[in-house]
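Observations on chain architecture
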Amino acid sequence: LLVYAPAFESGALSPATPILDEPIDYGGYQPKNYDGKYRGYISARTAISESLNIPAVKTLNAIGVQTASEYLQKLSLPVSKEDETLALALGGTKNGFTFSELLSAYSTFPSDGKFQKGSFLRKISVGGKTVYEARNSKRAVFSPETAYLITDTLKTSVCSGTAKKLRSLPFSVAAKTGTAGTKKGNTDAYAFSYTPLDTVGVWLGNADNSPISATGGGEPTEISLSVHEALFQSHGNKIPDFEKPYQVKTCRLDRYGYERNHQLLLADDASTAAYQFSEIFNESYAPTE
């Protein structure tokens, strides 16, 4: 919401962009990955799908905290000045947000980058006459291309990342998991997942913030699976795939230059399949060299 989507929107990052996962220190702020390990150079796609902390903080530092907080404002997730720090990349806010606010924000991605505030009530009718109807207008926050790139990376989270408990679903689904806590243990575990028809959010925690054993990729994702299965039936066992915008293109990249020199270079026509791999880009920011 505030790191990778804004970075994709500006062209500062693509799903293929290599990021060095390494120990970092920003004026005494030393975030670590959930497992305490470092992976060296990885793609942004891998960083997102595996919910790695260090690449997220690095990316926020690159695009600027102010820019990120402006995007949150557009998603009706305002942060105070005291919260405008690099810890924001990992959800470090004083008060946080309500679950319904986060659910509305995540619904932006399956809506071609358009944000619409969610409502608990859709319509009230009395005697066959509508006396109330929610009329929350949509506003563009991200381009359809950015929304699709985020969705595609979150589909990888389902295939091989932190949300792989959803991969048994017979349709395309994108998901992001998260876990928060203190030195005493986890306090919050959540999973957001979506299709073109539905956005699902599951949160587990205690009202008094006492520790829980759950992690985002565990019980919340298992509950999400049950919800999506029920929604699938309600849609007549038919859920469409995400539509790829015309300006999202697939590029064949040079594997040697990527793995050895960490460069995004197009594969030449003489390159064999073993020395190539493919990734998607917003056409406006696709490599040309």
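Since we're looking at a predicted model, the values are computed, not measured.

**Some thoughts on empty space enclosed by the protein**
Enumeration over the complete set of coordinates arrives at one cavity of 30 Å³ or more. The calculated volume of the largest cavity comes to roughly 40 Å³. Around the largest cavity sit F8, G11, L13, S14, L149, F281, N282 and Y285, which together line it.

**Focus: the sheet that holds strand β9 (residues 199-205)**
The strand order across the open sheet formed by three strands is β7-β8-β9, and the pairing between neighbours is antiparallel. The sheet is open, and its two edges are formed by β7 (174-182) and β9, each paired on a single side. The sheet shows a mean angle of 10° between the axes of neighbouring strands, taken without regard to direction. With nine bridges joining them, β7 and strand β8 (residues 185-194) adopt antiparallel strand pairing. Looking at the pairing, G178 lines up with Y190 of β8. Each of β7 and β8 touches helix α6 (residues 144-160); the most contacted strand, β7, lies at about 70° to it. The sheet contacts of helix α7 (residues 219-234) involve β7, β8 and β9, and relative to β9 the element is tilted by about 145°.

**Notes on a nonpolar patch on the surface**
Judged by side-chain polarity, F120, L121, I124, V126, V131 and Y132 come together as a nonpolar surface patch covering roughly 640 Å² of accessible area. The set of elements that each furnish at least two residues to the nonpolar patch consists of β4 (123-126) and β5 (129-133). Along the chain, V131 turns up in strand β5. On the basis of relative accessible area, V131 is assigned to the exposed category, the value being 52%.

**Things to note about the side chain of T162**
Mapped onto the elements of the fold, T162 is located in the loop between α6 and β7. A distance of 3.5 Å separates polar atoms of two side chains, one belonging to T162 and the other to S157. Looking at T162, its side chain comes within polar contact range of the side chain of T177, at 2.8 Å. In contact with T162, not counting residues within four places along its chain, are S49, E50, S51, S157, T177 and G217.

**Some details on helix α3 (residues 53-63)**
Of all 11 residues in α3, nine are buried, a share of seventy percent or more. Those residues of α3 not exposed but buried are N53, I54, P55, A56, V57, K58, T59, L60 and I63. Buried positions along α3 lie against α1 (4-10), β1 (18-21), β2 (40-43), α2 (44-49) and α4 (65-74). Looking at the residues trailing α3, positive phi occurs at G64, about 100°.

Quick notes on the rules
- Residues numbered from 1 in each chain as written.
- Predicted model: local features only at pLDDT ≥ 70, side-chain atom pairs only at ≥ 80, totals over all residues.
- Heavy atoms only, no water.
- 1 Å grid on protein atoms, 1.4 Å probe; cavity = no way out; pocket = protein on both sides within 12 Å on 5 of 7 lines; lining within 4 Å.
- Points joined across faces, edges and corners; volume = space filled by probe spheres on them.
- Pairing = 2+ DSSP bridges.
- Helix = DSSP H or I, 4+ residues; strand = E, 2+ residues; numbered from the N terminus.
- Axes fitted to C-alpha atoms, helices over the stretch in contact; angles between N-to-C directions.
- Contact = heavy atoms within 4.5 Å.
- Patch = residues over 30% accessible without salt bridge, like charges linked within 9 Å, V, L, I, M, F, W, Y side chains within 5 Å.
- Areas by Shrake-Rupley, 256 points an atom, 1.4 Å probe, with all protein chains shown as cover.
- Salt bridge = Lys/Arg side-chain N within 4 Å of Asp/Glu carboxyl O.
- Buried < 20%, exposed > 50% of the residue type's maximum accessible area, 1.4 Å probe, protein only.
- Polar contact = N/O pair within 3.5 Å; in protein donor to acceptor, adjacent residues only side chain to side chain.

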